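If you want the building blocks of each chain, they are given just below.
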Amino acid sequence: MKSLYENVIVAGFGGQGVLFIGRLLAYAAMKEGRNVTWIPSYGPEMRGGTANCTVVISNEVIGSPVITSPNALIVMNNPSLDTFEPRLKTGGLLIMNSSLITREAKRNDVRVIKVPANKTASELGNDRAANMVMLGAYIAHKKVVTKENILEALKKYLGEKKMALFETNKAALEKGIEIGSL
Amino acid sequence: MGEKVLITGNEAIGEAAIKAGCRFFFGYPITPQNKIPEYLSYRLPQVGGCFIQAESEIAAIYMVFGAAGAGARVMTSSSSPGISLKQEGISYIAGAELPCVIVNVMRGGPGLGGILPSQADYFQATKGGGHGGYHMLVLAPSTVQESVDLMTDAFDLADKYRNPVMVLADGYIGQMMEPVEFKERPQKVLPTKNWAIAGAKNRPRNLIRSLYLDPEELEQHNLKLHRKYLEMAKNEVRVETYLTEDAEIIIAAYGTVARIAKTAIKMLRERGIKAGLVRPITVYPFPYETFAKISEKVDNILVVEMSLGQMIEDVKLGVCGKAKVHFYGRTGGMVPTYDEIVTQIEKIVKEEVA
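Residues numbered from 1 in each chain as written. Chains lettered and ligands numbered in written order. Predicted model: local features only at pLDDT ≥ 70, side-chain atom pairs only at ≥ 80, totals over all residues. Heavy atoms only, no water.

Q: Please provide a residue-by-residue account of the overall build of chain A, values included.
A: Tallying secondary structure elements over chain A gives 6 helices and 6 strands in all. N-terminal to C-terminal, the α/β element order of chain A is β-α-β-β-β-α-β-β-α-α-α-α. Computed over the C-alpha atoms, the radius of gyration of chain A is 15 Å, within 12% of the 16 Å expected from 2.2 N^0.38 for a compact globule of 182 residues. Its C-alpha atoms give chain A principal-axis dimensions of about 40 × 40 × 40 Å. Within chain A, buried positions represent 54% of all 182 residues. Excluding contacts between residues fewer than 6 apart, the proportion of contacts in chain A whose partners are at least 24 apart in sequence is 57%. Carbon together with sulfur atoms contributes 52% to the accessible area of chain A, which is approximately 8100 Å² in total. Averaging the positions of the 23 positive and the 16 negative side-chain charges in chain A gives two centres separated by 2 Å. (Helix = DSSP H or I, 4+ residues; strand = E, 2+ residues; numbered from the N terminus. Rg over C-alpha atoms; globule rule 2.2 N^0.38 Å. Buried < 20%, exposed > 50% of the residue type's maximum accessible area, 1.4 Å probe, protein only. Contact = heavy atoms within 4.5 Å. Areas by Shrake-Rupley, 256 points an atom, 1.4 Å probe, with all protein chains shown as cover. Lys, Arg positive; Asp, Glu negative; His and termini not counted. Charge placed at Lys NZ, Arg CZ, Asp CG, Glu CD.)

This is the structure in structure tokens:
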């Protein structure tokens, strides 16, 4: 197995599904035989406040599940960009949701990918799948897990009850991969 | 190898208890461990067990006393302020020599404190949080997998020693998800619970008590408990050493902090500083011997904790003046980072050279 060490912070408003796509990533990584940790922010946040999770993926035993300067950042809104942009590692990957983020990135020592996630999801008929567009853009760049394993994770976490949402989420993921591959 | 599942530490602790044959849970909710009772509230009935959300932590620990006295495998879980409320009952359980498992998913204190991770209950857990001079056997997991493995061991150890066993975790271990394997393990041969109060037909009646009004009798009882603690210290000490063979400086840490220290050690080694880790897995009984030995090889030990210094006292007892013992800690729910640990070690190394 190719050597691999990756960590990413996913951040946004509560309800944007940032913890959810973190879980999909963690599950897919597990399916690929990697070690993985997923840790949510669980502070006393307000409803509608910010939420984030940190995912670490590695072939080796994972030390710290808490990451000071992540290799990658997926940010869904302005406050998350403000909080985490300064912490991104030099040369890291910043994927920002340009549908909701109203400013440019300040860092010029990182790679910035703008993804119009809400607009894209909306065009696909599922406003709430913006998170999947972001995740698609991320795996297009980082290739830490396959699309197939993300879809398997999606099936598992949607469960029977929400399976009707599978197709639009899948379409959003694929569109995200397309945007990320440009 | 069995199938791995992605699961939070809290849920994993719940499932591990079920797999270990625990059929009774009594508790009262508190963040950040609520997923344990939530999980067990639906899992226990599925396996014919019993889940009760008690009216208070104090009620819950005495329900544990009752079930343990009847010979059942029983547990409770809580977080720091809730564990404080249970202390009287834990002392009674220790005094009455009843086996049970108590999980503490530590949060910041003192008082109600906050809900974020902490290790500030080390003194309470290892030195007898309640009155009267007793000890629990205390296991401190560092990963979700280890939480699972130690939960199984916890029930066996409780039965083996007729003593309460605490699993001492922190908020991050409870909230974190990791892939976990629930390993099938051979059933341990354990002493039969012929002391239990479960019907006295055709045998003399059993009595479970912690009241001994005759001081001579109570002294004998306490000496018996003491011998048990010595047995634990002889047989049950567990410790992980990581990259200690060639280490010039040692970090001592347990739980979540120990894995953060591992990342720091990797960074330090890339910078040419040979650091290693000693991680107590049992914090009672404490691995004094490991620290005694390691302090003959290194001059400096840095203790890192999510408190302002508790385990450091045991490290110093082990080191016994043979090495300098330094400390770095964060408190109140703040978690030490690997960068901070690296800085601390570099500072110590620089001072040594100067």
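The structure having been displayed, the exposition proceeds.
Q: Break down the packing of aromatic side chains for me, citing the residues and quoting the values.
A: The full count for this structure, using the stated rule, is 10 aromatic pairs over all chains. Relative to B:F291, the ring of B:F286 has its centre 5.6 Å away and its plane inclined at 10°; by these criteria the two rings are stacked. By the burial criterion, B:F286 is buried, and B:F291 matches it. Through a chain of ring-to-ring contacts, the aromatic side chains of A:F20, A:Y27 and A:Y157 assemble into a single cluster. The ring of A:Y157 is capped by A:R23, whose NZ or CZ atom sits 5.4 Å from the centre of that ring. The ring of B:F182 is capped by B:K19, whose NZ or CZ atom sits 5.2 Å from the centre of that ring. (Phe/Tyr/Trp six-rings, centres within 6.5 Å; stacked < 30°, edge-to-face > 60°. Lys NZ or Arg CZ within 6 Å of the ring centre and 35° of its normal.)

Q: Describe the domain arrangement of chain B, listing the residues and the values that go with them.
A: Residues and elements named next belong to chain B. Assigned domains within chain B: domain 1 (5-195 + 208-235) and domain 2 (240-353). Contacts between the two partners involve 32 residues from domain 1, matched on the other side by 26 residues from domain 2. Counting the surface lost from both domain 1 and domain 2, the interface buries some 2300 Å², and carbon and sulfur atoms represent 54% of this. Applying the counting criterion to the domain 1 and domain 2 interface returns 3 salt bridges. At the surface where domain 1 touches domain 2, the tally comes to 15 residue pairs in polar contact (both at pLDDT 80 or more). Secondary-structure elements contributing two or more residues to the side of domain 1 that touches domain 2 are α5 (122-126), β6 (137-139), α6 (144-161), β7 (164-170), α7 (171-175) and α8 (215-235). Split into classes, the residues belonging to the side of domain 1 that touches domain 2 amount to 20 nonpolar, 7 polar and 5 charged. (Domains from an automatic or database assignment. Buried area = accessible area lost by both parts, 1.4 Å probe. Salt bridge = Lys/Arg side-chain N within 4 Å of Asp/Glu carboxyl O. Polar contact = N/O pair within 3.5 Å; in protein donor to acceptor, adjacent residues only side chain to side chain. Nonpolar A, V, L, I, M, F, W, Y, C, P; charged D, E, K, R; others polar.)

Q: Can you explain the sheet that holds strand β13 (residues 300-305) of chain B? Please cite residues and give values.
A: All names here are of chain B. An order of β9-β11-β10-β13-β14 is seen for the 5 strands of this open sheet, with the pairing classed as mixed. With one partner strand each, in any of the chains shown, β9 (239-242) and β14 (324-329) form the two edges of the open sheet. Strand-to-strand, the axes of this sheet are offset by a mean angle of 20°, without reference to chain direction. As paired strands, β13 and β14 are joined by 6 bridges and run parallel to one another. Note that in β14 the partner of V304 across the bridge is Y328. (Pairing = 2+ DSSP bridges. Axes fitted to C-alpha atoms, helices over the stretch in contact; angles between N-to-C directions.)

Q: Quick one: what's the story with unusual backbone geometry, residue by residue and with numbers?
A: Residue and element names in this part refer to chain B. For the bond from T31 to P32, the omega torsion is 5°, close enough to zero to count as cis. By secondary structure assignment, the location of P32 is in the loop between β2 (24-27) and α2 (35-46). In this structure, the amide linkage connecting Y284 to the following residue, P285, adopts the cis form with an omega of -5°. Within the element layout of this structure, P285 appears in the loop between β12 (282-284) and α10 (288-294). A positive phi angle is found at L243, which is not glycine, with a value near 55°.

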